[in-house]
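Observations on the model geometry
So the chains spell out like this:
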Amino acid sequence: PYKNAKISLNDLAINLNLQPHLLSKIINDHYQQNFFDFINHYRVEEFKEMVKDPKNQNLTFLALAYEVGFNSKTAFNRSFKKITNQTPREYFDSLQLS
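Described in the following lines is the structure provided in the data block. Remember, it's a predicted structure, so these values are computed and weren't measured experimentally.

**What about the nonpolar core?**
- Counting eleven residues, the largest nonpolar core consists of Val44, Phe47, Met50, Val51, Leu64, Ala65, Val68, Phe70, Phe76, Phe80 and Tyr91.
- Looking at this core, the elements with two or more residues in it are helix 3 (35-52), helix 4 (61-67) and helix 5 (73-84).
- Residues contacting phenylalanine 47, with those up to four places away along its chain left out, are Phe61, Leu64, Ala65, Val68, Phe76 and Phe80.
- Counting residues in each nonpolar core, the second largest holds eight residues, with Ala13, Leu23, Phe35 and Ile39 among its members.

Right, dumping it as structure tokens:
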């Protein structure tokens, strides 16, 4: 569901057969995150896997960001930096050094 750029707390709650306020409480209490940080964490992890895959080498960071559910370059860059403490470029460059 995190790949859906328009996913909402309500949408996910319906898919999980939960009340939205209960899902929000679970995410807040268990993960110490709000809904959007929770979803974006999964998106960033998916992006990190996709950027390592040679079949995606012809795609730009932005194309991969859209593929994993981000709907803007700004939202992607902000979330990536918040979650990894690196910019997407810094992360990619660190992979090249390995």
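**Points about the packing of aromatic side chains**
- Scanning all chains against the criterion turns up eleven aromatic pairs.
- Taken together, a centroid distance of 5.2 Å and an interplanar angle of 75 degrees make the contact between phenylalanine 35 and phenylalanine 36 edge-to-face.
- With centroids separated by 5.7 Å and ring planes inclined at 55 degrees, the aromatic side chains of phenylalanine 76 and phenylalanine 80 adopt a geometry described as tilted. Of this pair, phenylalanine 76 and phenylalanine 80 are both found in helix 5, four residues apart, which corresponds to roughly one turn of the helix.
- Members of the aromatic cluster, each reached through a chain of ring pairs, are Phe47, Phe61, Phe70, Phe76, Phe80, Tyr91 and Phe92.

**Topic: unusual backbone geometry**
- Even without glycine at this site, asparagine 17 takes up a positive phi of about 60 degrees.
- Mapped onto the elements, asparagine 17 comes out in the loop between helix 1 (9-16) and helix 2 (20-31).

**Details of the pattern of salt bridges**
- In the structure shown here, the tally under the stated rule is six salt bridges.
- With its nearest N and O atoms 3.4 Å apart, the salt bridge here joins lysine 3 to glutamate 46. Of this pair, lysine 3 sits in the segment before helix 1 while glutamate 46 sits in helix 3; the two residues are 43 residues apart in sequence, bridging distant segments of the chain.
- Accessibility expressed as a relative area gives 38% for lysine 3, which makes it partly exposed.
- The closest approach of N and O atoms between aspartate 29 and lysine 25, which form a salt bridge, is 2.6 Å.

**Overview of helix 3**
- Taking 1.5 Å of rise per residue, 18 residues should cover 26 Å, and helix 3 covers 27 Å from first to last C-alpha, within 8% of that figure.
- Of the residues making up helix 3, those classed as buried are Phe35, Phe38, Ile39, Asn40, Arg43, Val44, Phe47, Lys48, Met50 and Val51.
- Here the buried face of helix 3 lies against helix 1, helix 2, helix 4, helix 5 and helix 6 (88-97).
- Here helix 3 starts with a cap whose side-chain oxygen sits 3.0 Å from the backbone nitrogen of phenylalanine 36, and that cap is asparagine 34.

**Let's talk about the layout of surface pockets**
- Taken as a whole, the largest pocket spans an internal volume of roughly 190 Å³.
- As for the largest pocket, its lining consists of 13 residues, and the residues nearest its centre are Phe36, Asn40, Phe70, Ala75 and Ser79.
- Contributing elements (two or more residues each) for the lining of the largest pocket: helix 3 and helix 5.
- Taken together, the residues that form the lining of the largest pocket break down as five nonpolar, four polar and four charged.

What counts as what
Residues numbered from 1 in each chain as written. Predicted model: local features only at pLDDT ≥ 70, side-chain atom pairs only at ≥ 80, totals over all residues. Heavy atoms only, no water. Core = buried A, V, L, I, M, F, W, Y, C linked by side-chain atoms within 4.5 Å. Buried < 20%, exposed > 50% of the residue type's maximum accessible area, 1.4 Å probe, protein only. Helix = DSSP H or I, 4+ residues; strand = E, 2+ residues; numbered from the N terminus. Contact = heavy atoms within 4.5 Å. Phe/Tyr/Trp six-rings, centres within 6.5 Å; stacked < 30°, edge-to-face > 60°. Salt bridge = Lys/Arg side-chain N within 4 Å of Asp/Glu carboxyl O. Expected span 1.5 Å × (residues − 1). Polar contact = N/O pair within 3.5 Å; in protein donor to acceptor, adjacent residues only side chain to side chain. 1 Å grid on protein atoms, 1.4 Å probe; cavity = no way out; pocket = protein on both sides within 12 Å on 5 of 7 lines; lining within 4 Å. Points joined across faces, edges and corners; volume = space filled by probe spheres on them. Nonpolar A, V, L, I, M, F, W, Y, C, P; charged D, E, K, R; others polar.

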